[in-house]
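These are the residues of each chain, in order.
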Amino acid sequence: MPKLIIDDIPVEVAPGTSVLEAARSVGITIPHFCYHPALAIAAACRLCAVKLLDGPVKGIQMSCALPAQDGMVVSTTDPEALKMRALVIEWLMLNHPHDCPVCDEGGECLLQDFTIAGGHSRRRYQGKKRTFQNQYLGEGIHHEMNRCIECYRCVRFYQDYAGGTDFGVMGSAGRVYFGRFQEGALESPFSGNLVDICPTGVFTDKTGRFRARYWDYQFAPSICQHCSVGCNTSPQNFQRETIKIVGRRNDQVNGWFICDRARFDKGYLNDPQRPREPRLDGATCGYDVAVDAAAKSIAEFVRNNGADKLALVGSTRLSLEGMIVLAQVAEAAGGAKVCYFDDAGLQQGSLAAAKLLHEENAAYVKDIEQAQWIALHALDLMEEGPMLALAVRKAFLAGAQIFLVAGDTLPACKALPFKYTSVETLDQVPFEGGGKGVIICGAGSKDPELLAEMASSGAKLVMLQPGPNGFAAALLTQQHAAGPLAELVAARQVQAVVCFEADVPQTLLSDLEVLANADWRRGAVEAKAPIFLPTTTWAESDGTAINYEGRAQRFERSRVAGLPLKGLDPKYYGSATEAVTLHPPRVHRKDVPGGAERDAWQVMAQLIERLGGEPVEPLTGKWRALKSLDPEGEGVRILEMGLGE
Amino acid sequence: MIPETLKKSLQARVASAITAREAAVDVMKELQAHYGWLTDEAVQEAAALLGLSPLQVEELATFYEMIYRRPVGKKVIHVCDSISCWCADCDKIIQYLKDKLGVGLGGTTADGMFTLLPCCCMGMCGDSPAMSVGGVPYGRLTPELVDEILEAERHKV
Ligand code: SF4
Ligand code: SF4
Ligand code: FES
Ligand code: FES
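Residues numbered from 1 in each chain as written. Chains lettered and ligands numbered in written order. Predicted model: local features only at pLDDT ≥ 70, side-chain atom pairs only at ≥ 80, totals over all residues. Heavy atoms only, no water.

We now examine the overall build of chain B. Helix and strand content of chain B: seven helices and four strands. Ordering the α and β elements of chain B from the N terminus gives α-α-α-α-β-α-α-β-β-β-α. Judged by the C-alpha coordinates and their principal axes, chain B covers about 45 × 30 × 25 Å. Looking at chain B as shown, the accessible area adds up to about 8200 Å², and 58% of this sits on carbon and sulfur atoms. Charge separation in chain B, taken as the distance between the mean sites of 15 positive and 21 negative side-chain charges, equals 3 Å. (Helix = DSSP H or I, 4+ residues; strand = E, 2+ residues; numbered from the N terminus. Areas by Shrake-Rupley, 256 points an atom, 1.4 Å probe, with all protein chains shown as cover. Lys, Arg positive; Asp, Glu negative; His and termini not counted. Charge placed at Lys NZ, Arg CZ, Asp CG, Glu CD.)

Written out as C-alpha cells, the structure reads:
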C-alpha cells in the first residue's frame with residue numbers, strides 16, 4: 001500500500017491508485033476534464049498538473065496518469081503547478097464561446113467549475129474562434145460542438161465503454177470534431193450518458209433544455225423503475241415537473257451510467273392526463289370520501305359473498321411497502337386473497353428464481369464483469385436489463401466467451417454491444433463445473449425445472465425479474481401463499497378485486513367486479529372501477545425496491561405530487577371563470593392543484609383503519625432491518641440478511 | 001461502385017491482416033486511387049470491406065492528410081509548413097506557389113492539374129523547405145526550382 005504526502009497530508013492508498021484519486025480521498029479535488037473513473041486514462045487535457053517535490057518522480061506531472069508511489073511528496077498548490085493549470089485552462093478556453101447564459105449546462109458545468117478553480121477569469125485571447133456546424137443527433141440530445149474542449153470523454157464512453165459505432169471523433173489537430181458520419185439519431189441505447197459525461201455543454205438533454213438551472217431543481221436519490229436491474233438515478237424536478245433524469249453512481253448496480261429508457265422515458269410522470277383526482281361513480285370527490293366508499297364497498301362485498309371471494313391485487317410496480325401492506329388489507333378485510341401477479345407463468349418463474357438464489361450463487365455485477373464465460377439464456381437483454389449488457393461487454397473485452405442460448409430470434413440481438421456465439425441449448429455451452437461463469441436469463445415465464453438446472457450448474461446466476469420490483473413480489477407471494485389472479489379467476493375462486501397499481505388484462509376483467517382501483521396511470525382497470533384512488537409514482541414517494549439480485553434499495557420523494565406548474569389549467573388560477581394568462585395562481589390555496597395523490601401503502605393503511613384494523617407500519621417484523629436503508633448507499637442484498645427465506 | 005476485381009483484391013488484403021483495422025489505410029488508398037478522392041460512397045464501401053462502421057472509417061480518413069475527402073486535382077502538392085521549413089522561409093515558397101498556381105491553400109487549379117495543401121513535417125528537415133508533388137518529394141526549394149518541378153510534373157504521366 002503506497003504511502004505518500006499530498007499538501008502535507010499523509011495518504012495511504014491501494015496500489016494502482018492515481019495521485020488524483022489519492023488526493024480526492026483526502027478531500028482535495030485537482031481540476032480535471034479528460035479523467036473519468038469509469039474510463040481508461042487518456043491524459044489528453046493536461047489540466048490535472050501537480051508538482052512532485054520529492055520521491056521517485058519529480059517536477060510537474062499529470063496526476064490522473066501518475067500512480068501513487070511510496071515516498072512521493074505532492075504539492076497541488078505549488079506556484080509552478082498553479083501556473084501550469086491556469087495556462088492550460090486558458091488555452092482550453094481559447095475557442096470556447098461566451099455561452100454560459102444561453103447554455104443549458106450552466107450551473108452544472110465542470111468547465112465552469114474548473115475554469116474558476118484553475119484561476120482563469122480574464123480572457124486575453126482576442127483572435128477568431130474555431131467554429132463548427134452542429135449535427136442533428138436525434139430527439140434525445142442536442143449538439144453544440146463549439147463548446148468542445150477535446151477531452152475525448154464522449155468517444156471513449158460511446159465506443160470503448162458502450163460499444164457504439166456510429167459516434168466518434170473525426171479530423172485532427174484544431175479541427176477535431178465529435179459527431180456522426182452523417183446527421184441522424186444516435187444508435188446506442190446508452191447515448192444519453194453523453195449528457196452526463198461531457199464536462200461541457202456539447203451534449204445537453206433535448207427533452208429538458210432551458211427549463212431550469214441546477215439550483216432550481218429538486219433532487220432526491222431514486223431508483224429507476226423500468227426494469228429489475230434497479231439503476232440509481234437522480235430525477236431533477238422543477239415546479240412539480242420531472243425535467244431531466246441523470247445517472248447516480250452505484251458501483252454495485254449501474255456504475256456511473258444509466259440506459260436511455262431510464263433517462264428519457266419520463267413523459268408519463270408529467271402527463272397532464274395522469275389521473276389525479278379521487279373519483280366516486282364517475283364524479284370527483286374528496287380523498288377521504290373515496291377511501292370511505294372503498295372500505296364500505298369491501299365490507300359489503302365480504303358480508304354478502306364472503307372474504308375469500310375477494311382478492312387484493314398488486315403488481316411488480318408496487319413498492320415493497322405497498323406489497324407488505326397489501327397483504328394486511330386482505331387480512332383486515334376478513335381473510336381476502338392477495339395477488340401480486342396476474343399471470344401464472346410469470347409468478348411461477350419469478351418465485352422459482354427468488355427461491356433458487358442465495359448469497360453464494362446470486363451474481364454480483366463484479367461477477368459478470370469478471371466472468372470467463374457468460375450464457376444469455378433466451379433473453380432479450382436490451383429489453384429486460386439493458387445496463388447489464390455493459391457489464392457483459394466488460395467481460396467480453398477482458399476475453400470472456402459469450403453464448404446466446406436459444407435467442408437468435410430475439411429482436412434486440414443486433415444491438416448487443418459484444419460478440420457472441422449462438423447455441424441451441426445450455427448443454428452446448430462448454431464449461432466445466434461452473435468455473436467463473438455466469439448464466440443470465442429472464443425468470444418470468446421460465447419453467448422452474450429449467451431454472452433449477454441452471455442453478456445446479458455451479459455458475460453464478462442472474463435471473464431478471466418480470467417488472468421492477470418482481471423480487472419483492474416473489475417474496476411476498478411466497479410468504480402469503482398468494483396465487484396468480486388468472487388462476488383464481490379461472491377456478492372461479494374470486495369474484496371481485498380491489499387493485500393497487502395492477503395492470504389486470506381485459507380478459508380477466510370481464511369476469512370480475514372491480515370494487516376500487518388505486519393507481520397513478522390510466523388503464524382498463526381504472527375504466528371499470530367505480531371508486532378511483534390516485535397514487536403517487538416513485539418520483540413523488542418514498543419506498544423500497546428489490547432488484548433482480550435481491551438488493552433492497554431505498555428511493556426518496558423527489559418532489560411533491562401535483563400537476564406541473566407549466567401548462568397548468570387556468571381553472572386553478574385565481575378565477576374559475578375568467579381566462580387568465582399562463583401565470584401561477586395569484587390567490588393562495590393550501591392544496592397543490594392535482595396534488596391529491598397518496599402513496600399506495602398509505603391508502604392501504606387508511607383502508608385498514610376504516611375496516612377496523614390497527615394502524616400499520618410497513619417495515620416492521622422481519623422487514624425492520626430495511627428501515628434504516630441509506631438511499632445514497634449501495635443498498636443491501638436481502639439474501640445476505642437472511643430475508644430471502 | 002467499384003469493379004469486382006478491385007473488390008476481390010481488397011477483400012484479400014483485409015483477409016491477410018491480423019485485424020481488419022490495420023488494413024484500413026491500404027483500402028482507403030486503393031479506393032482513393034480508383035475514385036480520385038475518397039468519396040462518401042468509398043467510405044461506405046471501405047466500411048463494408050473492413051467490417052467497420054462508416055463513422056469509424058471516417059475517423060481514420062479525416063485523420064490522415066493524404067486521404068482526400070474532397071475532390072482534388074490530378075496531382076496534390078503537399079508543402080511543408082512545420083518548424084524546420086518555416087525557419088527556411090517556407091512562407092515565401094508557399095506564397096510563390098499560391099501566386100503561380102492562382103489558388104489559395106486547399107484550392108485546385110482551374111485546369112484541374114494541381115491541388116495545393118499545407119502539410120506537417122515530412123522528415124525532410126535537412127533539405128528544407130520541402131514539398132511533395134503527386135507523391136514525389138522535393139527539397140531545398142527556390143522559386144526557380146518550383147517552376148522547374150511544376151513544369152516537369154505537368155508533363156509527367
Ligand atoms: S459549456 Fe459550460 S462554460 Fe461553456 S458555455 Fe456552457 S456552461 Fe458555460
Ligand atoms: S464533446 Fe465533450 S466529452 Fe467530447 S471531447 Fe468535447 S468536451 Fe470532451
Ligand atoms: S485529467 Fe489529467 S490530463 Fe486530463
Ligand atoms: S519541417 Fe518541413 S520537412 Fe521537417
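Before going further, it helps to examine the site of ligand 1. By nearness alone, every residue bordering ligand 1 is listed as His96, Asp99, Cys100, Cys103, Glu105, Gly106, Cys109, Leu111, Gln112, Arg147, Thr200 and Gly201 of chain A. Grouping the amino acids of the shell around ligand 1 by side-chain chemistry returns four nonpolar, five polar and three charged. (Near = heavy atom within 4 Å. Nonpolar A, V, L, I, M, F, W, Y, C, P; charged D, E, K, R; others polar.)

Once that is clear, we can look at the sheet that holds strand S19 (residues 421-423) of chain A. All names here are of chain A. Spatially, five strands are ordered S19-S18-S17-S20-S21 in an open sheet, and the strand pairing comes out parallel. A strand with exactly one partner marks an edge of an open sheet, and here the two such strands are S19 and strand S21 (460-464). Adjacent strand axes in the sheet meet at a mean angle of 20° when their direction is disregarded. Two elements, strand S17 (residues 373-377) and strand S18 (residues 401-405), share five bridges in a ladder whose sense is parallel. Its bridge partner lying in S18, Leu376 is registered against Leu404. (Pairing = 2+ DSSP bridges. Axes fitted to C-alpha atoms, helices over the stretch in contact; angles between N-to-C directions.)

Turning to the UniProt feature "domain: 4Fe-4S Mo/W bis-MGD-type" (unreviewed entry) in chain A, a few remarks are in order. In the UniProt entry, the feature "domain: 4Fe-4S Mo/W bis-MGD-type" (unreviewed entry) is given for residues 217-273 of chain A. Helix and strand shares over residues 217-273 of chain A are 16% and 28% respectively, and the end C-alpha atoms of the span are 23 Å apart. (UniProt positions renumbered as here; feature names shortened; annotations may be inferred.)

So, on to the pattern of salt bridges. All names here are of chain A. One pass over the full model with this rule turns up 40 salt bridges over all chains. Here Glu526 ties to Arg522 by a salt bridge, and the two come within 2.8 Å at their closest N and O atoms. Taking relative accessible area as the criterion, Glu526 reaches 8% and is therefore assigned buried. With relative accessibility at 46%, the residue Arg522 sits in the partly exposed group. Each of Arg274, Arg276, Glu540, Arg559 and Glu597 takes part in one network of salt bridges that share partners. (Salt bridge = Lys/Arg side-chain N within 4 Å of Asp/Glu carboxyl O. Buried < 20%, exposed > 50% of the residue type's maximum accessible area, 1.4 Å probe, protein only.)

Now for the site of ligand 2. With respect to spatial proximity, 13 residues lie near ligand 2, and among them Cys148, Cys151, Tyr152, Cys154 and Cys198 of chain A are the closest. Across the shell around ligand 2, the residue classes break down as 10 nonpolar, one polar and two charged.

All right, on to the packing of aromatic side chains then. Residue and element names in this part refer to chain A. In total, this model carries 12 aromatic pairs over all chains according to the counting rule given. Measuring from ring centre to ring centre gives 5.7 Å for Phe157 and Tyr161, while their planes differ by 20°; the resulting arrangement is stacked. Of this pair, Phe157 and Tyr161 both sit in helix H4 (residues 153-161), separated by four residues, roughly a single helical turn. Positioned over the ring face of Trp520 is Arg317, at 4.9 Å from the centre of the ring. Directly above the aromatic system of Tyr364 lies the positively charged group of Arg637, at a separation of 3.5 Å from the ring centroid. (Phe/Tyr/Trp six-rings, centres within 6.5 Å; stacked < 30°, edge-to-face > 60°. Lys NZ or Arg CZ within 6 Å of the ring centre and 35° of its normal.)

Below, the discussion takes up the interface of chain B and chain A. Counting residues at the interface gives 12 residues for chain B and 14 residues for chain A. Across the chain B to chain A interface the summed buried area is about 910 Å²; carbon plus sulfur atoms make up 57%. When the area that chain B buries against chain A is broken down by residue, the three leading residues are Leu55, Glu59 and Thr62 of chain B, summing to 49%. Between the two partners, chain B and chain A, sit zero salt bridges. At the boundary of chain B with chain A, the tally comes to five residue pairs in polar contact (both at pLDDT 80 or more). Elements represented by at least two residues in the side of chain B that touches chain A include exactly helix H3 (40-50) and helix H4 (54-61) of chain B. Considering every element that reaches the side of chain B that touches chain A, the biggest residue donor is H4 of chain B, with five residues. (Contact = heavy atoms within 4.5 Å. Buried area = accessible area lost by both parts, 1.4 Å probe. Polar contact = N/O pair within 3.5 Å; in protein donor to acceptor, adjacent residues only side chain to side chain.)

Further remarks concern the UniProt feature "binding site: [2Fe-2S] cluster" (unreviewed entry) in chain B. All names here are of chain B. The sites that carry the UniProt feature "binding site: [2Fe-2S] cluster" (unreviewed entry) are, in the present numbering, Cys80, Cys85, Cys121 and Cys125. A maximum C-alpha distance of 9.5 Å among these annotated residues, which run over 46 residues, shows that they cluster at one spot. Checked against the element boundaries, Cys80 lands in strand S1 (residues 75-80). In contact with Cys80, not counting residues within four places along its chain, are Cys85, Cys90, Ile94, Cys119, Cys120, Cys121, Met122 and Ala130. With respect to the secondary-structure elements, Cys85 resides in helix H5 (residues 83-87). Its relative accessible area of 3% is what places Cys85 among the buried residues.

The next thing to look at is the nonpolar core. In globular proteins that are soluble, nonpolar side chains generally tend to be buried together. Residue and element names in this part refer to chain A. In this structure, Phe157, Ile368, Ile374, Leu381 and Ile440 are the most contacted members of the largest nonpolar core, which totals 92 residues. If you tally residues by element for this core, the top one is helix H13 (residues 386-397), at seven residues. With near-sequence residues (within four places) excluded, Phe157 lies in contact with Leu39, Ala162, Phe190, Asn193, Leu194, Ile197 and Phe257. Formed by 80 residues, the second largest nonpolar core is a distinct cluster that contains Leu312, Val325, Leu461 and Leu639. (Core = buried A, V, L, I, M, F, W, Y, C linked by side-chain atoms within 4.5 Å.)

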